[in-house]
Amino acid sequence: MRLYLPATLSELSLADLGPRVASAVTAELQRQLPDEDQDGWEMSAFLTAADASLLLIGANGDVRRRVVLGVDMTDPDVSELPESAADLADLPSVIGTISGVPWRAVVSIHVDEVAASAIVTAALAGDDDAYEQLGEVDLLWFHPTERTALAAGSAQA
């Protein structure tokens, strides 16, 4: 199963990924977006994780660049969302909180360009136009082997 997990740049240096909100193509997502195909559903689940990354950045003051991890797991350990993420519970791609994600399950890392940090900052300050604009900002794709370099770059940002 392909999952999309929100993260922050500084979390890329962690030894393991702690519990976090997981987004995926669900039957409910497919029902709510009947005119989409698999790619459209995947993009919707991905963008939900990008929005959740924005929440993580706001909560911990991390580098102002969203991060989404593409993860493949056959039988993920899913539990209910914590109260801090209750706003996400009604989103059709959110499956709950996932824990026990090994880095070897990460198949891709997606990160905002440096230039997007101004839009992220404005969105975090409550600018609705900036938040809407983030939906149009493509995140850059990185191979999991680039995780260490991305984490090192976050310390300099």
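Now for a look at the structure at hand. Not measured: the values here are computed from a predicted model.

Concerning the packing of aromatic side chains
Enumeration over the complete set of coordinates arrives at one aromatic pair. Summarising the aromatic geometry, the rings of Tyr4 and Phe46 are spaced 5.8 Å apart at their centres and angled 80° between planes, so their arrangement reads as edge-to-face. Here Tyr4, found in strand β1 (residues 2-7), pairs with Phe46, found in helix α2 (residues 38-60); they are 42 residues apart in sequence, far enough to count as distant. Here the two residues Tyr4 and Phe46 agree in accessibility, since each one is buried.

Brief notes about α2
Helical geometry: 3.6 residues make up each α-helical turn, so side chains three or four residues apart lie on a common side. For α2, spanning 23 residues, the distance from its first C-alpha to its last is 33 Å, which sits close to the expected 33 Å at 1.5 Å a residue. Those residues of α2 not exposed but buried are Gly40, Trp41, Glu42, Ala45, Phe46, Thr48, Ala49, Ala50, Ala52, Ser53, Leu54 and Ile57. Between a side-chain oxygen at the N-terminus of α2 and the backbone nitrogen of Asp39 the separation is 3.2 Å; the capping residue is Asp37.

Description of the nonpolar core
Note that soluble globular proteins tend to have their nonpolar side chains buried in a common cluster. With 23 residues, the main nonpolar core has Leu5, Leu12, Val67, Leu69, Val71 and Ile109 as its most contacted residues. Looking at this core, the elements that each hand over two or more residues are β1, β3 (67-72), β6 (106-111) and α5 (147-156). Ignoring any residue separated from it by four or fewer positions in sequence, one finds Ile109 in contact with Leu12, Val67, Val68, Leu69, Leu140, Trp141, Phe142, His143, Pro144, Arg147 and Leu150. One finds Tyr4, Val25, Phe46 and Ala49 within the second-largest nonpolar core, a separate group that totals ten residues.

Considering the side chain of Asp112
Looking at the secondary structure, you find Asp112 in the loop between β6 and α3 (117-124). You can call Asp112 buried: its relative accessible area is 0%. Within the structure, the side chain of Asp112 is placed 2.8 Å from the side chain of Arg66, a separation counted as a polar contact.

Focus on the packing of α2 against α3
The description of two helices packed together rests on the angle between their axes and the distance between the axes. Contact pair α2 / α3: the axes reach a minimum separation of 10 Å and the direction vectors enclose 75°. With respect to each other, α2 and α3 are oriented roughly perpendicular. Mapping the contact onto sequence places Leu54, Ile57 and Gly58 in α2 and Val120, Ala123 and Leu124 in α3. When grouped by side-chain class, the residues that make up the contact of α2 with α3 number five nonpolar, one polar and no charged.

What to know about the pattern of salt bridges
This model, assessed by the stated rule, comprises four salt bridges. We note a salt bridge from Asp72 to Arg2, for which the minimum N-O separation is 2.6 Å. Placement of the pair is Asp72 in strand β3 and Arg2 in strand β1, with a sequence separation of 70 residues. You can call Asp72 partly exposed: its relative accessible area is 35%.

Considerations on the environment of Met73
Within the element layout of this structure, Met73 appears in the loop between β3 and β4 (77-79). Among the residues examined, Met73 registers a relative accessible area of 13% and is labelled buried. Sequence separation between Met73 and Ser10 is 63 residues, and the spatial gap between their C-alpha atoms is 23 Å. Residue contacts for Met73: discarding those within four places in its chain leaves Met1, Leu3, Ile98, Gly100, Val101, Pro102 and Ala105.

Basis of the calculations
Residues numbered from 1 in each chain as written. Predicted model: local features only at pLDDT ≥ 70, side-chain atom pairs only at ≥ 80, totals over all residues. Heavy atoms only, no water. Phe/Tyr/Trp six-rings, centres within 6.5 Å; stacked < 30°, edge-to-face > 60°. Helix = DSSP H or I, 4+ residues; strand = E, 2+ residues; numbered from the N terminus. Buried < 20%, exposed > 50% of the residue type's maximum accessible area, 1.4 Å probe, protein only. Expected span 1.5 Å × (residues − 1). Polar contact = N/O pair within 3.5 Å; in protein donor to acceptor, adjacent residues only side chain to side chain. Core = buried A, V, L, I, M, F, W, Y, C linked by side-chain atoms within 4.5 Å. Contact = heavy atoms within 4.5 Å. Axes fitted to C-alpha atoms, helices over the stretch in contact; angles between N-to-C directions. Parallel < 35°, antiparallel > 145°, perpendicular 65-115°, else oblique. Nonpolar A, V, L, I, M, F, W, Y, C, P; charged D, E, K, R; others polar. Salt bridge = Lys/Arg side-chain N within 4 Å of Asp/Glu carboxyl O.

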